Amino acid sequence: MIKVVATIVELKEELGYYRNNGKSIGFVPTMGALHQGHISLVERCRAENDVTVVSIFVNPTQFNDKNDLKNYPRMPEKDVALLEQAGANIVFVPDEKEIYPEPDTRVFDFGMLDKVMEGKFRPGHFNGVAQVVSKLFDIVNPHRAYFGLKDYQQLAIIRAMVKMLGYGVEVIGCPIVRETDGLAMSSRNLLLSAEHRKSAPLIYRTLSEARNKKGEFSVKELIAWVESRINSDPNLRVEYFELADADTLEPVESWEHQNGIVGCIAVWAGNIRLIDNTMFKE
Ligand code: PAF
């Protein structure tokens, strides 16, 4: 039976019991509105740890857009039922006061990592992510924590934060889970109109086709090709498409780049913003 806890005191008490018995603790932080992508994290966590803790908290400090925060889907009962079915042991559902008894004024500097792509178009977003994930790590103190690769840049920031703050947690990135038409699973997909939902698979279709065009186009030409192909659908508007170093996320200039290359994209489908990515060079 899954245990639902809302306070830090109760969660620590619960986890203390496991920790004192030498059990490994795995952690999956989420903002709820769970889908198969989240469930894949829970499954991996269960396979690698004795105890699986999932948090559901829509973190206000990472929303740079008030409407996005207001409209973010919330369905706690359904989420808990899904987590129970997936075999999670504990779900932590704090309210805002529990996580932020007073405003979090910490400012993180991740150098270039939080200046590009999402960092550029969503100012303050990654600072909010670092605030909440560090607080959750302090509370849960897990051995391992699981994040989806759909938020590629978020994962890079969290790895940098773990290093910066000296956490002993192992951060594990898990593959993107897609709908059968290729659209990356996201809680925001629920907010798409039927028309925009129909257009959205063009994003990943284009990324996949672009991967095969490396021989034909320069980096710059490929970026333009991706943008114009997606923008040709009147329901979609590319905010950015970047080909970036897989570790530093700095834009790459040529296919001869020494390190891996990741292609990251953000697209507006009506007033819903979708992100996706794929590797262009391992
Ligand atoms: O990826 C998310 O759902 C959120 O950014 C996270 C990591 C749970 C922090 O609020």
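See above for the structure.
The rules we used
Residues numbered from 1 in each chain as written. Predicted model: local features only at pLDDT ≥ 70, side-chain atom pairs only at ≥ 80, totals over all residues. Heavy atoms only, no water. Phe/Tyr/Trp six-rings, centres within 6.5 Å; stacked < 30°, edge-to-face > 60°. Helix = DSSP H or I, 4+ residues; strand = E, 2+ residues; numbered from the N terminus. Buried < 20%, exposed > 50% of the residue type's maximum accessible area, 1.4 Å probe, protein only. Lys NZ or Arg CZ within 6 Å of the ring centre and 35° of its normal. Near = heavy atom within 4 Å. Polar contact = N/O pair within 3.5 Å; in protein donor to acceptor, adjacent residues only side chain to side chain. Areas by Shrake-Rupley, 256 points an atom, 1.4 Å probe, with all protein chains shown as cover.

Peer 1: How should the packing of aromatic side chains be read in this particular structure?
Peer 2: Aromatic ring pairs: the centre-centre distance and the angle between the two ring planes describe each pair. A complete count under the given rule lists eleven aromatic pairs for this structure. On the numbers, 5.4 Å between centres and 20 degrees between planes, the contact of Phe-121 with Tyr-240 is stacked. Here Phe-121, found in helix H6 (residues 118-121), pairs with Tyr-240, found in strand E7 (residues 236-245); they are 119 residues apart in sequence, far enough to count as distant. Ring geometry for Phe-241 against Phe-280: centres 6.2 Å apart, planes inclined by 55 degrees, an arrangement best described as tilted. Of this pair, Phe-241 sits in strand E7 while Phe-280 sits in strand E9 (residues 272-281), and the two are 39 residues apart along the sequence. An identical accessibility class is assigned to Phe-241 and Phe-280; each is buried. Through successive ring pairs, a cluster of aromatic residues spans Phe-27, Phe-137, Phe-147 and Tyr-167. Just above the ring of Tyr-204 sits the side chain of Arg-178; from NZ or CZ to the centre is 3.4 Å.

Peer 1: When you look at the site of the ligand in this model, what are you seeing that I'm missing?
Peer 2: Inspection of the region around the ligand gives Pro-29, Thr-30, Met-31, Gln-62, Val-132, Phe-147 and Gln-154 as its neighbouring residues. The separation between an oxygen atom of the ligand and a polar side-chain atom of Gln-62 is 2.6 Å. One nitrogen or oxygen atom from the side chain of Gln-154 is found 2.7 Å from an oxygen atom belonging to the ligand. If the ligand stood free it would expose 290 Å²; the protein chains cover 89% of that surface.

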